[in-house]
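Below are the chains, spelled out letter by letter.
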Amino acid sequence: MSDDVRNIVLGVIAAGVTASLGWLARTYLWRRKLRRKQAFFGLPKNSESLLVVNREPGASDSSVHRYDVFALLELSALIKDCGAHAQILSHDIAQQGFGERTEFCVGGPGSNRRMAAHLHSLLPGVRMNTDSDPGPDRGAFQIGGERYRLETGVSEYVLLARLTAGQDARPVFLFCGQRAITNQAATHYLARNHEKLARKHGDKSFTLLLKVINSQAYGPDMVELIADVTAASQAPIPAVRTSHRAIG
C-alpha cells in the first residue's frame, strides 16, 4: 500500500471516528435533555397524562373556546415530545384524584369545576371573581392581600402553577386565566421556558403570575412575568384585605 493510499484510508477512518463521536455526544445530550424534560413534567416514556378541558363561558353547549383549543394543542405537543400519552376529559366528568398521572388543567374556575376544586384545595391564597355581573372586579384575581383586575385586551392576568401532593406524586399544571387567550399565553410561556423553570424550581411546586400585554394587538405572544406568588397562593387569604392594587 502506497503512502498516498494509506493517508486516504487513515483520513477516512479518522473522519468516521470523529463523526461517530459527534453523533454519540449529540445523542447523549439529547437524551439528557429529554430526561430532564420528562422529569419536570412527570412524563416518563409511555406514561399516561390527563388534559382537563373547560367549556366556553356563556355557551349553551359544551363547546371549547378556540384559544383553549390552541392551548390544548400546545400541551399535546409537549406530551408527545416526552413520549407520553394524553387522555382528554371534560372538567365536569374528571372526577378523580390527582398525583397518579400528570394533569394539565385549563381554564378559570368559572368555566372549569376541577380548576375551582384545585384552587380551593391546593391554592387557598387565590380567589377569582367569577360574577357574571359587570363591574371593576369582574374576573379579578385576589392573591394574598393583592388584587389584579382585568382590563380586557390591554392588561390581563393568568396563573401558571406546577403543584405536587407528595414526593412521588405526579405534578398538576394549572393554567388559570382571566380570559381564554390568557390560558393559551400561559401554555405558550411554559413551552418556551420549561427548561429555565426546571433549573430554577426543580421538582418543587411553584405558582407564577403572568401578565398578557395588549392581547388585542399581539394575541397571546406578549407575556410578562409579574411575580412568583408561590408563598402567597398557598397561605389562606387574610380576613382583611390589605390592598386593592391593580397593576396595569
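Residues numbered from 1 in each chain as written. Predicted model: local features only at pLDDT ≥ 70, side-chain atom pairs only at ≥ 80, totals over all residues. Heavy atoms only, no water.

Attention now moves to the layout of surface pockets. The space that makes up the second largest pocket amounts to roughly 250 Å³. Lys33, Arg36, Lys37, Ala39, Phe40, Arg162, His194, Glu195, Ala198, Arg199, Gly202 and Asp203 together form the lining of the second largest pocket. Of all elements in the fold, only helix 1 (3-41) and helix 4 (180-201) reach the threshold of two or more residues within the lining of the second largest pocket. At five residues, helix 1 tops the list of elements feeding residues into the lining of the second largest pocket. Its residues assigned to classes, the lining of the second largest pocket comprises three nonpolar, two polar and seven charged. (1 Å grid on protein atoms, 1.4 Å probe; cavity = no way out; pocket = protein on both sides within 12 Å on 5 of 7 lines; lining within 4 Å. Points joined across faces, edges and corners; volume = space filled by probe spheres on them. Helix = DSSP H or I, 4+ residues; strand = E, 2+ residues; numbered from the N terminus. Nonpolar A, V, L, I, M, F, W, Y, C, P; charged D, E, K, R; others polar.)

Further remarks concern the sheet that holds strand 6 (residues 146-148). One open sheet accounts for three strands, arranged 4-5-6; its pairing is antiparallel. Two strands in the sheet have a free side with no partner beyond their single neighbour: strand 4 (126-128) and strand 6. Going across the sheet, the axis of each strand differs from the next one's by a mean of 20°, ignoring polarity. When strand 4 meets strand 5 (residues 141-143), the two strands line up antiparallel, connected through three bridges. Looking across to strand 5, one finds that Arg127 is bridged to Gln142. (Pairing = 2+ DSSP bridges. Axes fitted to C-alpha atoms, helices over the stretch in contact; angles between N-to-C directions.)

Before going further, it helps to examine the environment of Arg170. Its location among the elements puts Arg170 in the loop between strand 7 (155-163) and strand 8 (172-177). A residue is classified by how much of its surface remains accessible, and Arg170, at 24% relative accessible area, is partly exposed. A sequence separation of 71 residues divides Arg170 from Gly99, and the C-alpha atoms of the two residues are 4.5 Å apart. Not counting residues up to four positions away in its chain, the partners in contact with Arg170 are Gly42, Pro44, Ser47, Glu48, Gly99, Glu100, Arg101, Thr102 and Leu163. (Buried < 20%, exposed > 50% of the residue type's maximum accessible area, 1.4 Å probe, protein only. Contact = heavy atoms within 4.5 Å.)

Turning our eyes to something else, we now look at the sheet that holds strand 3 (residues 102-106). Judged by pairing direction, the sheet is mixed, and its seven strands sit side by side in the order 2-1-3-8-7-9-10 without closing on themselves. Edge positions in the open sheet fall to strand 2 (85-90) and strand 10 (223-228), since each of these has one partner strand only. Here the average twist between neighbouring strands, direction ignored, is 20°. The pairing of strand 9 (residues 206-213) with strand 10 spans five bridges and is antiparallel. Residue Lys211 lies in a different strand from strand 10, and its bridge partner there is Glu224.

Below, the discussion takes up the confidence of the model for the protein chain. Of the residues in the protein chain, 79% have a pLDDT of 70 or more, and the chain-wide mean is 84. Scored below 50 in pLDDT, residues 240-248 shows 22 contacts in the model against residues more than four places distant or in partner chains. (pLDDT = per-residue confidence, 0-100.)

Tallied over the entire structure, the rule returns eight aromatic pairs. Judged by centre distance (5.5 Å) and plane angle (55°), the ring pair of Tyr148 and Tyr157 falls under tilted. You'll find Tyr148 and Tyr157 in the same group, each marked buried. An aromatic cluster is built from Phe40, Phe41, Phe104, Phe173 and Phe206, whose rings are joined through pairwise contacts. Over the ring of Tyr67 we find Arg66; its NZ or CZ atom is 4.5 Å from the centre of that ring. The ring of Phe40 has Arg162 sitting right over it, with the charged end atom 5.2 Å from the ring centre. (Phe/Tyr/Trp six-rings, centres within 6.5 Å; stacked < 30°, edge-to-face > 60°. Lys NZ or Arg CZ within 6 Å of the ring centre and 35° of its normal.)

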